[in-house]
Amino acid sequence: MSALQVADGQSDLPYIHGFSAAEQARLVRQARFSEAIVYRDIDFSGVGRLLEVGCGVGAQTEILLRRFPELNLTGIDFSQRQLAVARQRLQGSPFHERATLLHMDAEDLDFPPASFDAAFLCWILEHVHAPERVLAEVRRVLKPGARLYATEAMNATFFLAPYSANLQQYWLAFNDHQLSVGGDPFIGAKLGNLLQRLGFRQVETQVKTWHLDSREPHRRQLVLDYWTELLLSAADQLIEAGRVDAQLVENMTKELRMLRSNPELVFFYSFMQASALV
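Keep in mind that this is a model prediction, so the values were computed, not measured.

Caption draft 1: Up close: the confidence of the model for the chain. Per-residue confidence for the chain gives a mean pLDDT of 90, with 90% of residues at or over 70. Within the model, pLDDT remains below 50 along residues 1–12, and this stretch shows 27 contacts once partners closer than five positions in the same chain are excluded.

Caption draft 2: Region of the structure containing the pairing of strand β10 (residues 266–277). When you tally the buried positions in β10, you get 10 out of 12 residues, the bulk of the element. Sheet topology places strand β7 (residues 142–152) next to β10; 6 bridges connect them, and they run antiparallel. Paired with Ala-150 across the two strands is Ala-274, which belongs to β10. Here 3 bridges tie strand β8 (residues 159–161) to β10, and the two strands are oriented antiparallel to one another. Counted as the bridge partner of Ala-161 is Val-266 from β10. Where strand β9 (residues 201–212) lies against β10, 10 bridges are found, and the strand directions are antiparallel. Directly across from Val-207, in β10, lies its bridge partner Met-272.

Caption draft 3: The arrangement of the packing of helix α8 (residues 217–232) against helix α10 (residues 246–260) in detail. In contact at an axis separation of 11 Å, α8 and α10 are set at 175° when each is read in the N-to-C sense. As the angle between them shows, α8 and α10 are arranged roughly antiparallel. Judged by residue contacts, Gln-221, Leu-224, Asp-225, Thr-228, Leu-231 and Leu-232 of α8 engage Val-249, Met-252, Thr-253, Leu-256, Leu-259 and Arg-260 from α10. Across the contact of α8 with α10, the residue classes break down as 7 nonpolar, 3 polar and 2 charged.

The rules we used
- Residues numbered from 1 in each chain as written.
- Predicted model: local features only at pLDDT ≥ 70, side-chain atom pairs only at ≥ 80, totals over all residues.
- Heavy atoms only, no water.
- pLDDT = per-residue confidence, 0-100.
- Contact = heavy atoms within 4.5 Å.
- Buried < 20%, exposed > 50% of the residue type's maximum accessible area, 1.4 Å probe, protein only.
- Helix = DSSP H or I, 4+ residues; strand = E, 2+ residues; numbered from the N terminus.
- Pairing = 2+ DSSP bridges.
- Axes fitted to C-alpha atoms, helices over the stretch in contact; angles between N-to-C directions.
- Parallel < 35°, antiparallel > 145°, perpendicular 65-115°, else oblique.
- Nonpolar A, V, L, I, M, F, W, Y, C, P; charged D, E, K, R; others polar.

In structure tokens, the structure reads:
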């Protein structure tokens, strides 16, 4: 099986958050929560055919179709379970006629060369075994002059103050586990090298940051709530893998509650966004 295949509900995709209904709902909330910062510098104006790699439950799909009304979007994913949710979500959407969702391996795209005018990847390369192969396939199916946007994690940047020992221990285990199953929680910092090596042109990267303190208490609270949900979404997998135990999860959860009520809380996290041309 390839890195993105799913069969009988089991997957060797290093997706640390799992595939539960709660996680599928979290992905939709995540997309909406981070929409402003993710899409701030993305422009698909004038694009006809867009390829979305790793469309999952369709959370980003909906945003793309809403923000760019000229798009005809083809989304691919190798999780039948996620695609079923995405199709159900889009069925009642006013944008559904402009979306086609396909079961496909991102490492072996079933499209002829030069099929698409642009490509979009968001929070997907951190979860695959061969990100360079995925990007090479994307480049193959893009037309000359087509633009790619890739948004990816850079988990070494995560920081909360006051320092919370259990939270930091859990976060290290989180990243170690993702690495051990073939993912890369630091792939964002490597996007420039990957795209350059594959022959993309005009490769640009930028750091996007959440840095929140007492100057924006309401927004800081929203970000902390979002990250609390993200952290806990991996708890069952980490316990099952022996990376953490239930006591550490409980202690971390207590620390997060204490941080939530601390007026001096500082939250910092950066991720990476790359753009490039074929």
